[in-house]
Each structure stands twice: as structure tokens, then as C-alpha cells.
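# Commentary on secondary and tertiary structure
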Amino acid sequence: MYLPPHDPHVDDPMRFKPLFRIHLMERKCATVECMYGHKGPHNGHIQIVKKDEFSTKCNQTDHHRMSGGRQEEFRTWLREEWGRTLEDIFHEHMQELILMKFIYTSQYDNCLTYRRIYLPPSSPDDLIKPGLFKGTYGSHGLEIVMLSFHGRKAKGTKITGDPNIPAGQQTVEINLAHPLQLPDIENLHDFSELSRIVLEVQEQVRREEQEHQQEEEECSQQAASQPAAVPLGGEGAEGEETAAGAEGTTQDKAPASQPFVLPMGVISRNEDYPRTCRICFYGTGLIAGHGFTSPERTPGVFVLFDDDRFGFIWLELKSFSLYSRIKVSFQNAEAPSREAFDEMLKNIQSLAT
């Protein structure tokens, strides 16, 4: 398992933690060992569920327990996962979130289901190369997000989740058709000025969406009342216009750099963010209560720093998330190829049946 670095150091490398290992013996005999816990390898089981999916199960979960009970397990987990001790955490809300995460993750005892992640395709017109990024999420610590591009929009999808927003949800959505001009350098610290700019663009986007919806409804009514007649090349021309518009948005990537500083009152876990940026866009961020209750998209600012770093200002939360690209190849010297690993799973499955 690849874990993000300790909060809030997004530029540090990922951390590697073995969870299980497979031994292939003669005559296609195989054994599985669970690596979870601190008492060494012990008996485990792996099963193929369906394509691109498999499950692991520990058969000796007592190996995960510690002599000091749950309190010792929690302190050890806190030190390894967060790089802190219990005495370091003074904020009551953070204590609650961290304890909740420990209870949630430890209950599975390495009995988990894994699904393959397919990285998004890359296009020369993309603002930056898509891929996986480490991001700061306040008291939740660092989480993994996948950035992908879809014409005039970019999306950040959570690969790891938290008690508020689970994995698989779109944490941020960026409107590449609406670049933002930051306040002049004298007003960069003024949150109300930034808020005014963002809310004006939000209203413009809302009007455009309403107009687009009305046009679609009118087209649908016309199509229902008369036979469809598409001019030669008409459909293709429309597609070219859309593509050209999206390309124009990404090609006009603004000046080489412009000053950037967080407005007063905006909280950032990492104060070591870049002080210049390439371009900013209007976007929305997903927020929700515990258990993904009452989710809503709120306005924000996507800030592109360079090819490997971007940020997002959550306007309603007055919070800033900094994201840094994951550059690790997700392989070590002993890791098998994808084909070899799939073959191992098939052998284990055939033995089980």
C-alpha cells in the first residue's frame, strides 16, 4: 500500500507498506501471507472477485493485536500514519476525526477488496498532464485525488476518502472556459474582493447553464414537431467548434506567472505554497456533513502553480488545499508485472476451487 506523506508535507514522497505476499511453490502450490500488524507474516487468503478486482482476508487476526490493547494500537497507528503523538493534537475536532478514521480502518483487519485504477488519458491540449496528486484536506490530513480533463472542464476525483466525502466522489470541478483574474497586488490579501470576483463568475455560469438548458428544450420541442433535417456537415461543424473552444481555453494559458498570496482569513495546512501562479479558473468544490450527508457544490478558485502543483480555495470554508503530483512509479524491485500478478491470482483461485 502506498500511503501519502505526513500532513501537511505534500511534496514529500509516498510511503510504502506491504499488506500481503504470495509464495508460488512447485506444482503450482501457493501460500498467502498477511503482512498487517507488528508480529510478522501470518496466514492469509486471496480470492478473485471479478475482472480487475480481488479480495484479501487475514486468517489470524490475533496477530494484529498488541499487548497494550486498543490504546497502544491507536498510539502506534497515530505515530505511523500521521507522524504524531496523541499529545501533539490539541484541536478537539481533529482528535474526533482521527479517532473516527482509526476505528473505521482498523475494523477491517486487512480483509479488503481491491479494484484496479485506470489513469485518465492524456491529450496535448490538456492544461497539465493528468494523473494522481496528494492534497491537503484540513483536519482529514492528506488524500489522493485523480485529475482528469474533459473538454472545457477538469475534474478532481477522490481516490482516498474521509468521513465527509468518500472515495469516488468529485472533490473539485474546474470550469476551463472561465479563467479568473485575481485582484491586483494591493488587494490580494482582501478576501471580500476575491469573493466578489468569484461570485460574479458563478452568476455568469448559472445564466449560461440556464440559457443552454432552454436551447436544448426548444430544440427537443422542434424535433418532436417536425422531421429532423441535419445539414451536410452540420453535426461535424458543431463538434469542431466545441473542440476549438476547448483548445482555445487551454492554449491561452495566461502570462508566464502572476503574484499569488492567500487572502487574510483563508486557512492553509501548508504555508509553504508557491507565491506565483500561471492562471486561475472558476470551479466548484464538494462539501458534506459526516457520512456524506447534505452534499453540495460550492464556489471556489482553481490555482495552477506549475506542471506538478495546483491549489483550490474553498470560498465557503475559507480554506485552501494544496496538491502535488505523485511521481512514484508504484513498483519496487520485488514487484511482479501486471501479467505475472494476474497469473498468480488465477493459480490461487484454481487451488481454492
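As annotated in an unreviewed UniProt entry, the protein carries the name FBX31 protein and comes from Podargus strigoides.

What the protein contains, in helices and strands, is 5 helices and 18 strands. Looking at the protein as a whole, 39% of its 353 residues qualify as buried. Taking contacts inside the protein between residues at least 6 apart in sequence as the whole, the part at least 24 apart equals 55%. Carbon and sulfur atoms make up 52% of the accessible area of the protein, which totals about 20,200 Å².

Right, let's get into a negative patch on the surface. A surface patch of negative charge is lined by Glu 208, Glu 209, Glu 211, Glu 215, Glu 216, Glu 217 and Glu 218. Considering the arrangement of structural elements, one finds Glu 215 in helix H3 (residues 191–225).

Moving on: the confidence of the model for the protein. Residues at a pLDDT of 70 or more form 84% of the protein, whose mean pLDDT is 83. Least confident of the elements in the protein is helix H4 (residues 234–251), whose mean pLDDT is 39; most confident is strand S17 (residues 309–314), at 97. Low pLDDT (under 50) marks residues 228–251, which in the prediction has 14 contacts with non-local residues, meaning those over four places away or in another chain.

Applying the stated criterion to the full structure yields 20 salt bridges. Among the salt bridges present, the one from Glu 143 reaches Lys 158, with a minimum N-O distance of 2.8 Å. Of the two residues, Glu 143 sits in strand S9 (residues 142–150) while Lys 158 sits in strand S10 (residues 153–158), which places them 15 residues apart along the sequence. Neither Glu 143 nor Lys 158 differs from the other in exposure class; each is buried. Glu 193 is the salt-bridge partner of Arg 196, the closest N and O atoms lying 2.6 Å from each other.

As a further point, take the nonpolar core. Note on soluble globular proteins: their nonpolar side chains tend to be buried together. Within the largest apolar cluster, 26 residues are counted, with the highest numbers of intra-cluster contacts made by Leu 180, Phe 260, Val 301, Ile 313 and Phe 320. Looking at which element gives the most residues to this core, the answer is H3, with 6 residues. Beyond its immediate stretch of four places on either side in the chain, Phe 320 contacts Thr 136, Phe 260, Leu 262, Val 266, Ile 267, Ser 268, Tyr 273, Phe 305, Gly 311, Phe 312, Ile 313 and Trp 314. Membership of the second largest hydrophobic core comes to 20 residues, among which are Val 145, Ala 154, Val 172 and Ile 279.

So, on to the sheet that holds strand S6 (residues 53–58). The antiparallel open sheet is built from 5 strands, whose spatial order is S3-S4-S5-S6-S7. The open sheet is flanked by strand S3 (20–24) and strand S7 (112–115), the only strands paired with a single partner. The sheet shows a mean angle of 35° between the axes of neighbouring strands, taken without regard to direction. Judged from the 6 bridges that link them, strand S5 (residues 42–50) and S6 form a sheet pairing that is antiparallel. From the neighbouring strand, Ile 46 faces S6, where its bridge partner is Thr 56.

Moving on to the packing of helix H1 (residues 69–82) against helix H2 (residues 92–106). Running from N to C, H1 and H2 cross one another at 105°; their axes reach a closest spacing of 11 Å. Considering the angle they form, H1 stands roughly perpendicular to H2. Taken together, the residues of H2 that come into contact with H1 (itself represented by Arg 70, Glu 73, Phe 74, Trp 77, Leu 78 and Trp 82) are Ile 98, Leu 99, Lys 101, Phe 102, Thr 105 and Ser 106. Split by residue class, the contact of H1 with H2 holds 7 nonpolar, 2 polar and 3 charged.

Another aspect to go through is empty space enclosed by the protein. Taken as a whole, this structure holds 1 cavity of 30 Å³ or more when the rule is applied. There is about 50 Å³ of room inside the largest cavity. Forming the boundary of the largest cavity are Phe 20, Val 32, Glu 33, Cys 34, Gly 44, His 45, Ile 46, Thr 56, Lys 57, Cys 58 and Asn 110. Of all elements in the fold, only strand S4 (30–34), S5 and S6 reach the threshold of two or more residues within the lining of the largest cavity. For the lining of the largest cavity, the class distribution of residues is 5 nonpolar, 4 polar and 2 charged.

So, about unusual backbone geometry. Put simply, Asp 7 and Pro 8 share a cis peptide bond, and its omega is 5°. As for its placement among the helices and strands, Pro 8 is situated in the loop between strand S1 (2–3) and strand S2 (15–16). Located in the positive-phi region is Asp 109, a residue other than glycine, with phi close to 50°. Here Asp 109 is to be found in the loop between H2 and S7. Phi at Phe 292 takes a positive value of approximately 55°, unusual for a residue other than glycine. With respect to the helices and strands, Phe 292 occurs in the loop between strand S15 (279–289) and strand S16 (293–306).

It is worth spelling out the environment of Val 201 at this point. Here Val 201 is to be found in helix H3. Leave out the neighbours within four places in its chain, and Val 201 touches His 178, Leu 180 and Tyr 282.

Cut-offs applied
Residues numbered from 1 in each chain as written. Predicted model: local features only at pLDDT ≥ 70, side-chain atom pairs only at ≥ 80, totals over all residues. Heavy atoms only, no water. Helix = DSSP H or I, 4+ residues; strand = E, 2+ residues; numbered from the N terminus. Buried < 20%, exposed > 50% of the residue type's maximum accessible area, 1.4 Å probe, protein only. Contact = heavy atoms within 4.5 Å. Areas by Shrake-Rupley, 256 points an atom, 1.4 Å probe, with all protein chains shown as cover. Patch = residues over 30% accessible without salt bridge, like charges linked within 9 Å, V, L, I, M, F, W, Y side chains within 5 Å. Salt bridge = Lys/Arg side-chain N within 4 Å of Asp/Glu carboxyl O. Lys, Arg positive; Asp, Glu negative; His and termini not counted. Charge placed at Lys NZ, Arg CZ, Asp CG, Glu CD. pLDDT = per-residue confidence, 0-100. Core = buried A, V, L, I, M, F, W, Y, C linked by side-chain atoms within 4.5 Å. Pairing = 2+ DSSP bridges. Axes fitted to C-alpha atoms, helices over the stretch in contact; angles between N-to-C directions. Parallel < 35°, antiparallel > 145°, perpendicular 65-115°, else oblique. Nonpolar A, V, L, I, M, F, W, Y, C, P; charged D, E, K, R; others polar. 1 Å grid on protein atoms, 1.4 Å probe; cavity = no way out; pocket = protein on both sides within 12 Å on 5 of 7 lines; lining within 4 Å. Points joined across faces, edges and corners; volume = space filled by probe spheres on them.

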